[in-house]
There are 2 protein chains.
Amino acid sequence: MGGDHAPGAILDGVRRSLEAGDLDAGQVALAGPIDQIEPRLAEHGLDRQAIDLHDAPDVLGGSCESPIDAMRKKPRNSIAVGVAKLKTGEADAFLSAGNTGIVVATAKVALQCLEGIRRPAIAVTINVESGPFIIIDAGANPQPKPLHLMQFALMGSAYHRDAFGTAKPRVGLVNIGSESGKGSSLAKEAGQLLRDAPINFVGNVEGVEMYRGACDVVVCDGFTGNVLLKASEGVAEYMLKTAARVMREHEIGPQKMSAILGLMQKNVDYSEYGGAPLLGVEGSVTICHGRSEGPAIANAIRFATKAVGAKLNQHIVSAAREAAISP
Amino acid sequence: MGGDHAPGAILDGVRRSLEAGDLDAGQVALAGPIDQIEPRLAEHGLDRQAIDLHDAPDVLGGSCESPIDAMRKKPRNSIAVGVAKLKTGEADAFLSAGNTGIVVATAKVALQCLEGIRRPAIAVTINVESGPFIIIDAGANPQPKPLHLMQFALMGSAYHRDAFGTAKPRVGLVNIGSESGKGSSLAKEAGQLLRDAPINFVGNVEGVEMYRGACDVVVCDGFTGNVLLKASEGVAEYMLKTAARVMREHEIGPQKMSAILGLMQKNVDYSEYGGAPLLGVEGSVTICHGRSEGPAIANAIRFATKAVGAKLNQHIVSAAREAAISP
């Protein structure tokens, strides 16, 4: 039931994944109020027999609901029911387009952190012309410590390697200015740890270089990462609107204009990767954008199954071990 | 000598300000190595007799020079010489397109804070379709306390009122999510102070709403503000490049295309306001973007003289007094 277009977008995404062969029949479990989900399976071409339905009658109230209230007062919500399947091992991966804060809080409470990892973090992929880069943490930890940032770098590197095949992902630290002595005390201390970590650290990174493709993994605290992402979304939306207005003024025909805007949008669209993994917990948890439609959900499913197949979590645990014994 | 195009851009900006009547002959002082500045006055149509030239032979090394080194090893740099004129009262306003960190550090050391103000902060203006909004702090304080953020809101409100004539500027706090219980402890505590302050506080604000014009004054710590601004610049640059590529693919003629891109650029261009004031110090200090050309310098001069004329600093002091006695 999570997201702006649930349950239709979720059901459509599942159908697309089955059709594309990313999932096999019998591999899908859905959590939600059965009385609302079951009657809609057929309209999305889904076979009731091939879907494992789990009742989650407590529907959450959207982006304004606090995680603590949600977990206490609505214990049988779809996020809680889904994450519980990860915990018991009945499921390998869980995806939700619901409230990010509730997914993070539920996963933190229900699931163990991976061996050696102190805090899970959200990795969001942004695609620029030079290729995809990820921002970690995009909001799970508003106030982490330097060690946590170092671990975000390890997890982000492992993810970029497994998801995009990059041998040595370049890791940048979000900071003010490019010199190592600058910024907040968190950024300064994290910079020191990153230089010593078993990763390909390329130094501080700022917005312009980031969007020019200066690194593959952008590390920051979850407050900064969330603001950075949302400002990026804001500017992208604003630029698209401005482009539309200006092109109208210059009498670009509607067909050409919509093609141009479509391509511009595609270049800043999160849906190509569909979802943001919460890295660092046992199991695979993916948070989809609330406005995801079916194709975005299908892409997120593909990336989640790919990460499970690539044994991402084992790679994260190995990296944390290596970092712990590195001088 | 500050900025990518010094001294030409500075001299050109001064000429434009004189021609526009924003400055009178005899109102201009320039600081820099006299042997380099003096010979170039004529080529920019400036009369040697009308310009008060102050020798500042120590030229700074650009964006990588640390403020501490600069102040210690190059005491006669143009920023130090210029700020000293503010301190003695010989000048009312100082502008530089040089290294932001050095301007801030020099001003903090040389100038007193305004009565009641604990920390100066940089206010950057961003123009969107709905009008200009400012981000304060854009980088002077990477780690402020909640009280400082409240004072940034007071100063930003006074500035928006004096610069743009807004009776009751709407103040938003940069935070994760729109609920008041969210975010870092800094954001939570600052939110409480902002609710009680004598300003028009409209609550938390995120990137998309910001660029839709949800508030006039966006308050945040200098680390977040700097990252937010630079990410915005990065996305804007990226979107312009993407637009150019896509329009070429769709065979938009070069003339039409450059008109369209020009208008898009204008909508995200900082140069319309030319400079960012460092609010909260005695005197008027404005930091211009390093890549400023003459028109941007002239705009910054116009805004600086306007702020002095509007008695901005008196308004800031009054607001701080009112806040101090408010319950």
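Residues numbered from 1 in each chain as written. Chains lettered and ligands numbered in written order. Predicted model: local features only at pLDDT ≥ 70, side-chain atom pairs only at ≥ 80, totals over all residues. Heavy atoms only, no water.

Peer 1: Any chance you could explain the pattern of salt bridges here in plain terms?
Peer 2: Oppositely charged side chains may form a pair once their charged atoms are brought near each other. Enumeration over the complete set of coordinates arrives at 34 salt bridges over all chains. Connected through shared salt-bridge partners, D12, R15, R16 and E19 of chain A make up one network. (Salt bridge = Lys/Arg side-chain N within 4 Å of Asp/Glu carboxyl O.)

Peer 1: Please clarify how the relation of the copies chain A and chain B should be interpreted in this entry.
Peer 2: Placing chain A over chain B gives an RMSD of 0.0 Å and needs a rotation angle of 180 degrees, together with 0.0 Å of translation along the axis. Look at the turn and shift together and you get a two-fold axis relating the two. Interface residue correspondence from chain A to chain B reaches 100%, placing this contact among same-surface, isologous pairings. (Least-squares fit on C-alpha atoms with pLDDT ≥ 70 in both. Contact = heavy atoms within 4.5 Å.)

Peer 1: Would you mind going over the interface of chain A and chain B with me for this structure?
Peer 2: The accessible area lost on association of the parts is a frequent measure of interface size. Taken together, the 58 residues of chain A in the interface contact 58 residues of chain B. Taken together, the two surfaces of chain A and chain B that pack against each other cover about 5000 Å², and 69% of this comes from carbon and sulfur. The largest per-residue losses of area from chain A upon contact with chain B belong to F223, Y238 and M239 of chain A, which jointly make up 14% of the total buried on that side. Here R212 of chain A ties to E237 of chain B by a salt bridge, and the two come within 2.6 Å at their closest N and O atoms. Remark: the boundary between chain A and chain B carries 12 residue pairs in polar contact (both at pLDDT 80 or more). Breaking the side of chain A that touches chain B down by element, the ones donating at least two residues are β4 (121–128), α7 (185–196), α8 (207–211), α9 (222–249) and α10 (254–266) of chain A. By residue number, the principal contributor to the side of chain A that touches chain B is α9 of chain A, which donates 24 residues. Tallied by class, the residues present in the side of chain A that touches chain B amount to 26 nonpolar, 18 polar and 14 charged. (Buried area = accessible area lost by both parts, 1.4 Å probe. Polar contact = N/O pair within 3.5 Å; in protein donor to acceptor, adjacent residues only side chain to side chain. Helix = DSSP H or I, 4+ residues; strand = E, 2+ residues; numbered from the N terminus. Nonpolar A, V, L, I, M, F, W, Y, C, P; charged D, E, K, R; others polar.)

Peer 1: Please explain unusual backbone geometry as it appears in this structure.
Peer 2: Only a minority of non-glycine residues have a phi that is not negative, and only a minority of peptide bonds are not trans. Here A6 of chain A and P7 of chain A are connected by a cis peptide whose omega angle stands at -5 degrees. Along the chain, P7 of chain A turns up in the segment before α1 (8–20). D137 of chain B follows I136 of chain B through a cis peptide bond whose omega is 15 degrees. Along the chain, the position of D137 of chain B falls in the loop between β5 (131–136) and α6 (146–164). Of note in this structure, K311 of chain A is not a glycine but carries a positive phi near 60 degrees. Among the structural elements, K311 of chain A can be located in the loop between α11 (294–309) and α12 (312–325). On the accessibility criterion, K311 of chain A (46% relative accessible area) is partly exposed. (Buried < 20%, exposed > 50% of the residue type's maximum accessible area, 1.4 Å probe, protein only.)

Peer 1: In this structure, what is going on with the sheet that holds strand β4 (residues 121–128) of chain B? I would like to understand it.
Peer 2: Each strand in a sheet pairs with its neighbour through backbone hydrogen bonds, running either in the same direction (parallel) or in the opposite one (antiparallel). All names here are of chain B. Within the open sheet, the eight strands sit side by side as β3-β10-β9-β4-β5-β8-β6-β7. Their pairing is mixed. The open sheet has two edge strands, β3 (93–96) and β7 (200–205), and neither has a second partner. Across the sheet, the mean angle separating the axes of adjacent strands is 25 degrees when strand polarity is ignored. Packing of helix α9 (residues 222–249) onto the sheet brings it into contact with β4, β5 and β6 (170–174), and relative to β5 it is tilted by some 140 degrees. (Pairing = 2+ DSSP bridges. Axes fitted to C-alpha atoms, helices over the stretch in contact; angles between N-to-C directions.)

These values are about where atoms sit, not about what they do.
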